[in-house]
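Now for the letters of each chain:
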Amino acid sequence: MRKVKKMLNSERQMFPYSVRSFLPGYYKVALSQVEGDDCIPLVKVGERVKEGQLIAQAPVTSSEMPDIHSPVPGIVEAIEDTINPDGKTGKSFKITLDGEFSFLAKKTNALDWNVFSSAYLIDSLKSKGVINTFEKTQSLAKQINEFHDYSKKFLIVRMFDEDPSRLTDSFIAQYYTEEVVKGAYIVSKAMEADALIFAVPKNYSYEIDYSKLYGFPVLVVEVDTRKYPCGYKLNLIQSVRDYLKKNDIKHLYGKELEQDLNTYIQNSIFIDPQTSYDSFNAIVYGIPVMEHFVQITGNCLRSAAIFKVRIGTPISDLIRQCGGFKMNPSKVIVNGIISGNMISKDNFCINKYVKYVAFIPFGETFDQNAKLCIRCGKCRLACPEELFPDLMYRHVVDNFEISTEMKKTSFLCTGCNLCNSSCPARLSLSQAIESLRNSTYEK
C-alpha cells in the first residue's frame, strides 16, 4: 500500500474549545437522518412538542432505523420539502422555537447502565436516535444486530478524522475522552464484543483510562495520521492486523485469537468519537440525539469554529454566528474536502451526519464539469492500492471489458477519493469503483 505524505497543512491547529450555537427561531428536522426510507411522522402540523419528544419513527419495513426527536420545545409549523446537506430534497418538520427546555441547562442523573442487558442497550440506542457516522450513515442498532450472530468480533474506534481537512472527530476524542471511552464500552457490551480497540494518532496527548472499562480487554493501536489514507476501514484493519502480529497478545486473548485473527477483524464494527459520545449520553443520561459537533470553516467566513449544534439548525444562523461572509462562496463542501460532497446551496439545515461545512471562494475552486477521460494515468499513480480507476470507470459507464480479477480488486478500494482529486477530467472514479464493487458482491 502506498500512502501520500504531507497532505496536512503544518499550520493547522486544533480548536481549543467548542461554541454552543445560537438558538434560532425555527428548525427543520429531516424525516430521513440515515440512508433508507423516511421515518413516519408521529406529530401533526400545529401540535406543540417538547425538547427530546419522539416525533418520527421508522416504518415497519425498516423497523431498526433510529427514531427522530424534536431538538427544541416548540410548535410544528409544517412538514415541507427542504434541501438536505447531501444536496437532495426531502421532507422535514419545521418547528418554531417556543416553550421550556427539558434537557438544556438541566441536571440529569446518571443511570446504573452497567446492569443493562445487550438487548436493552441495542433497543435504547435505536429509541434514542443514535446513528453511526463512521462511514456511510446508518443505524447503530441495526448494525449491531447484523453482527450479533458472529461468535468473534471486535469494536474498533477511530479517534481521529479520516479526512485530513476535518477536525471534528479529533476534537471530540481529545476534549471528551472520558465520554468517548465509556460510550465505546457501552457499544462493546451491546454487541457482545470480544475486545475494544482504539485507533489513535501517534503521540496522542489524551489518556485512555482503562479503569472505567471494568477489566474489559482493550488495545490501543497507534496510527501515523501524517500519511493519507489511514482512517478508512481497510486502513484500520491493516493497522490492527499489523499491531496484533507484532505484539504479544496471548496474555489477553489466548491462542484462539492468533489463529482466527482475520475472522475477528473482518467481523469488527467501526465507530467514530461522535457515535461513541452519542451512545454515552443516550445510555448513561437517557438523552436522545438532538445535537452534534460541527466544524464550520472556509476562507469566505470572517471566523471559524467547532459548534455544538441542535439538529435542524439552519446553516445561515451558523454563518451569522461566524460573523458572516467576507466574500461570497463559490462552493459549499460538506464533511471534508477529500471525502465529503459538494453542494451548490447554502440554505440547508444541519442533519445528524454533518460534521463539517466549508465555504470555498472562487479562487480556490476548480472546474468541476466532467469531461472525457484523457488517458493521463494520474488516477493510477494516486491510488494507494495501485488499482486502475480509469478502466473500472470505463467498465461501469461504457461497458468496457475488464477481467474478473480486475473487478475483484474493487474490494481493495478504501474510498479515499484520491483518484477523484487527481483526475483532470473530473470523473467520478471513486463512485464508479463503489458501483462495481456492489455489483460484483451481488453476483
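Up top you'll find the structure we're talking about.
What this report covers is the structure whose coordinates are included nearby. Only a predicted model underlies this, so the values are computations on that prediction, with no experimental measurement involved.

Quick word on the environment of Gln295
- Assignment of secondary structure puts Gln295 in strand β17 (residues 291-297).
- The exposure class assigned to Gln295 is buried, which follows from its relative accessible area of 4%.
- Taking the C-alpha atoms as reference points, Gln295 and Leu387, separated by 92 residues in sequence, lie 33 Å from one another.
- Among all residues touching Gln295, those that are not within four sequence positions of it are Phe15, Ser165, Arg166, Leu167, Thr168, Ala305, Ile306, Lys355, Tyr356 and Val357.

Remarks on the packing of aromatic side chains
- What the rule picks out here adds up to 14 aromatic pairs.
- Taken together, a centroid distance of 5.1 Å and an interplanar angle of 50° make the contact between Tyr176 and Phe293 tilted. Linking Tyr176 in the loop between α3 (168-175) and α4 (177-191) with Phe293 in strand β17, this pair joins segments that are 117 residues apart in sequence. For the pair Tyr176 and Phe293, a shared accessibility class is recorded, and that class is buried.
- Consider the rings of Tyr228 and Tyr232, whose centres lie 6.1 Å apart with planes at 80°: the pair is edge-to-face.

Examining the packing of helix α1 (residues 118-127) against α4
- Following both chains from N to C, one finds α1 and α4 inclined at 120°, their axes separated by 7 Å at the closest point. In terms of orientation, α1 and α4 fall into the oblique class. As α1 runs across α4, the sense of the crossing is left-handed. Mapping the contact onto sequence places Ser118, Leu121, Ile122 and Leu125 in α1 and Ile186, Lys189 and Ala190 in α4.
- Residue composition of the contact of α1 with α4, grouped by class: five nonpolar, one polar and one charged.

Some words on the pairing of strand β21 (residues 356-360)
- Within β21, five of the five residues are buried, which leaves it mostly tucked inside the rest of the structure.
- Going residue by residue along β21, you find Tyr356, Ala358 and Ile360 tucked away on one face and Val357 and Phe359 tucked away on the opposite face as well.
- Judged from the three bridges that link them, β17 and β21 form a sheet pairing that is parallel. Considered in β21, the bridge of Thr297 is made with Ala358.

Overview of the sheet that holds strand β12 (residues 154-158)
- Read from one edge of the open sheet, four strands run β14-β13-β12-β16, paired in parallel fashion. The strands lining the two open edges of the sheet, one partner per strand, are β14 (218-223) and β16 (269-271). Averaged over all pairs of adjacent strands, the angle between strand axes in this sheet comes to 20°, irrespective of strand direction.
- Here β12 runs beside strand β13 (residues 195-201); their pairing, made up of five bridges, is parallel.

A closer look at the environment of Phe280
- Position of Phe280 among the secondary structure elements: in helix α9 (residues 273-284).
- On a C-alpha basis, the gap between Phe280 and Asp169 in space is 15 Å, while along the polypeptide they are 111 residues apart.

Some remarks on the nonpolar core
- Ile144, Leu155, Val157, Met159, Leu196 and Phe198 are the most contacted members of the largest nonpolar core, which totals 47 residues.
- The greatest single-element share of this core, amounting to eight residues, is contributed by α4.
- The next biggest cluster of nonpolar side chains, apart from the first, holds 20 residues, and it includes Cys300, Phe307, Val334 and Val357.

So, the sheet that holds strand β18 (residues 305-310)
- Here we have six strands laid out as an open sheet, ordered β2-β18-β17-β21-β19-β20, and mixed in their pairing. The open sheet has two edge strands with one neighbour each: β2 (19-20) and β20 (341-343).
- Each of β17 and β18 is contacted by α3, which is oriented at about 125° to β17, the strand it contacts most.
- Most of the contacts of α9 go to β17, to which it runs at about 150°, and overall it touches β17 and β18.

Parameters and conventions
Residues numbered from 1 in each chain as written. Predicted model: local features only at pLDDT ≥ 70, side-chain atom pairs only at ≥ 80, totals over all residues. Heavy atoms only, no water. Helix = DSSP H or I, 4+ residues; strand = E, 2+ residues; numbered from the N terminus. Buried < 20%, exposed > 50% of the residue type's maximum accessible area, 1.4 Å probe, protein only. Contact = heavy atoms within 4.5 Å. Phe/Tyr/Trp six-rings, centres within 6.5 Å; stacked < 30°, edge-to-face > 60°. Axes fitted to C-alpha atoms, helices over the stretch in contact; angles between N-to-C directions. Parallel < 35°, antiparallel > 145°, perpendicular 65-115°, else oblique. Left-handed = near helix turned anticlockwise from the far one by under 90°. Nonpolar A, V, L, I, M, F, W, Y, C, P; charged D, E, K, R; others polar. Pairing = 2+ DSSP bridges. Core = buried A, V, L, I, M, F, W, Y, C linked by side-chain atoms within 4.5 Å.

None of the figures reported here should be taken as evidence of function without further support.
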